[in-house]
Amino acid sequence: MKEKIVMTITLIISLSMMAFPWFGGQKGIETIYGVTLLNNPIALTCIILAFVGIWTNFGKNSEIIGTIGLLGIMTMEIYEFFTWHILTITGHFDFNFSVQLCYPEFYYALFCMIGTYLIYKHFYKSIDSLD
């Protein structure tokens, strides 16, 4: 139970990084927040899967569900990084533009999610060794 609470807290901390600005030109004027990730139904599904994977007791299936959810969230963050400017600014894929107008908060959010994934895998490995 203690492990599930720790995993949930780390996931909530990682998800709270969406409240910060991720992309844009001048901060405060042309800012796009990480909350835009929630406009994507795949990202919402992955968040739900991550919580289901943490709180259900289906053994190995719970680990797989949670892993799919966490990897999906990371994938959707990277997808957002590559595509956020296409509809609003450039009209085409431009990696350099993505890098130039990306705030450090995006990288913090991505590394927090990677950390959450590593903690999740560590706890499931320790739970499996107890069985």
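Residues numbered from 1 in each chain as written. Predicted model: local features only at pLDDT ≥ 70, side-chain atom pairs only at ≥ 80, totals over all residues. Heavy atoms only, no water.

(A) View of the overall build of the chain. Counting its secondary structure elements, the chain contains six helices and two strands. Moving toward the C terminus, one meets the helices and strands of the chain in the order α-β-β-α-α-α-α-α. C-alpha extents for the chain along the principal axes are approximately 55 × 20 × 20 Å. The proportion of buried residues among the 131 residues of the chain is 40%. Within the chain, counting contacts between residues at least 6 apart in sequence, those at least 24 apart form 65% of the total. Carbon and sulfur atoms make up 71% of the accessible area of the chain, which totals about 7,400 Å². In the chain, 6 side chains carry a positive charge and 9 a negative one; their mean positions are 11 Å apart. (Helix = DSSP H or I, 4+ residues; strand = E, 2+ residues; numbered from the N terminus. Buried < 20%, exposed > 50% of the residue type's maximum accessible area, 1.4 Å probe, protein only. Contact = heavy atoms within 4.5 Å. Areas by Shrake-Rupley, 256 points an atom, 1.4 Å probe, with all protein chains shown as cover. Lys, Arg positive; Asp, Glu negative; His and termini not counted. Charge placed at Lys NZ, Arg CZ, Asp CG, Glu CD.)

(B) Structural context of the environment of Met76. Counting through the fold element by element, Met76 comes out in helix α3 (residues 60-83). When the C-alpha atoms of Met76 and Gly24 are compared, they prove to be 18 Å apart, with 52 residues separating the residues in sequence. Sequence-distant contacts of Met76, defined by excluding residues within four places in its chain, comprise Leu37, Asn40, Ile42 and Ala43.

Read these as layout, nothing more, since geometry by itself doesn't imply function.
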